[in-house]
Amino acid sequence: MAGTGTIRGPGVAAMGGNPMSRLIEESFQPANPIVRVHAWKAALNDGDCSINLLTYHSVYSAIIEQAEAALPNETGGFLLGHAGFDPDAGSWYNWIDEAVRITPTEANPVHCCFTWKDVDQVRARREREGKSLIGWYHTHPGLGIFLSETDLQKTHQQLFNEVFQVALVYDPISGRAGYFFREASGFLDAGTAGWREFQLVKSAIGSDSDSAARSFHSSAETGQL
Ligand SMILES: [Zn+2]
C-alpha cells in the first residue's frame, strides 16, 4: 500500500527487527481481530470473590478432536493462557488460549496420567510464550463430570496447587464438560454439579480445522443439567 515506508510505530525500532518485514507481516493482520470465547464464572460460597474464565473456542475444538481420537481411552493435557487478578474485587480473570496435549503413556478407559516429562515440557513452553499455566484437562468417556480421588490428590493438588489453577473435565460421550477450582479457603468441590457443566457441541456440517466451524452452546440457555 502507498506510504507504508512512513508508518513506523515506536515498537519497530525498539524491537531491532527488520522494519519492512514487520510491516508486511502486519499488513496481513486484521486491525481488530475478535476471538470467540466461552465465559464461565465460578459460583463461590465464601464471600464475593470469584474465578472467571474466558476460554477460546479453538481450545475446545482441539480438546474435542483429541478426545474423540483417543476413544475409548482417556486423554488429557494442559491449559495455557494468562492469569489476571483484580485485588479490589478479589477476583480472578483468567484467559485460556491454548490446549497442550499430552501423549499418555498408559492410557485406558478410566485412567490417563501425566509424566514429569510432560510437565517439564509445558513449563518450558509457558516460559517461552510468557504465559501462565491455568490448569489441566482430561476426559471421562461416559463417566460424567467430576474429579476422582486420584485426579484430585495425585494430579490437581500436586501439580496445580496455585489458587487460580483449574481443572477441566470433558466427557466425549455425553458432550458435557465442567471446570473445577479452589475457593479462597482452599476448599475444592470435586463432585458432580449441574451449575459447573456446559455442553460442547460439534457443528453438524463437516469437520475442518476452522475452530469457528464448531459451535458451542451453554446449558444455561436451556437450563438443562
Ligand atoms: Zn479423572
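Description of the structure in this document. Since the structure is predicted, the reported quantities are computational estimates derived from the model, not experimental observations. (Residues numbered from 1 in each chain as written. Predicted model: local features only at pLDDT ≥ 70, side-chain atom pairs only at ≥ 80, totals over all residues. Heavy atoms only, no water.)

Some thoughts on helix 5 (residues 149-159)
Piece 1. Within the sequence span of helix 5, burial applies to Asp151, Leu152, Thr155, His156 and Leu159. All buried residues of helix 5 project into a common sector of 135° when viewed along the axis, lining one side. Exposed residues pointing more than 90 degrees away from the buried face of helix 5 are listed as Glu149, Lys154 and Gln158.
Piece 2. The inward-facing, buried residues of helix 5 contact helix 4 (116-129), strand 5 (132-139) and strand 6 (166-171). (Buried < 20%, exposed > 50% of the residue type's maximum accessible area, 1.4 Å probe, protein only. Helix = DSSP H or I, 4+ residues; strand = E, 2+ residues; numbered from the N terminus. Arc of directions from axis to C-beta. Contact = heavy atoms within 4.5 Å.)

Concerning the pairing of strand 2 (residues 51-56)
Piece 1. Both strand 1 (residues 37-41) and strand 2 contribute to a ladder of five bridges, which runs antiparallel. Considered in strand 2, the bridge of Val37 is made with Tyr56.
Piece 2. Direction of pairing for strand 2 relative to strand 4 (residues 91-101): parallel, over a ladder of five bridges. Considered in strand 4, the bridge of Asn52 is made with Tyr93. (Pairing = 2+ DSSP bridges.)

Here's the deal with unusual backbone geometry
Piece 1. Here the bond from Leu71 into Pro72 is cis, since omega is 5°, no more than 30 degrees from zero.
Piece 2. Looking at the element boundaries, Pro72 is found in the loop between helix 3 (57-70) and strand 3 (76-86).

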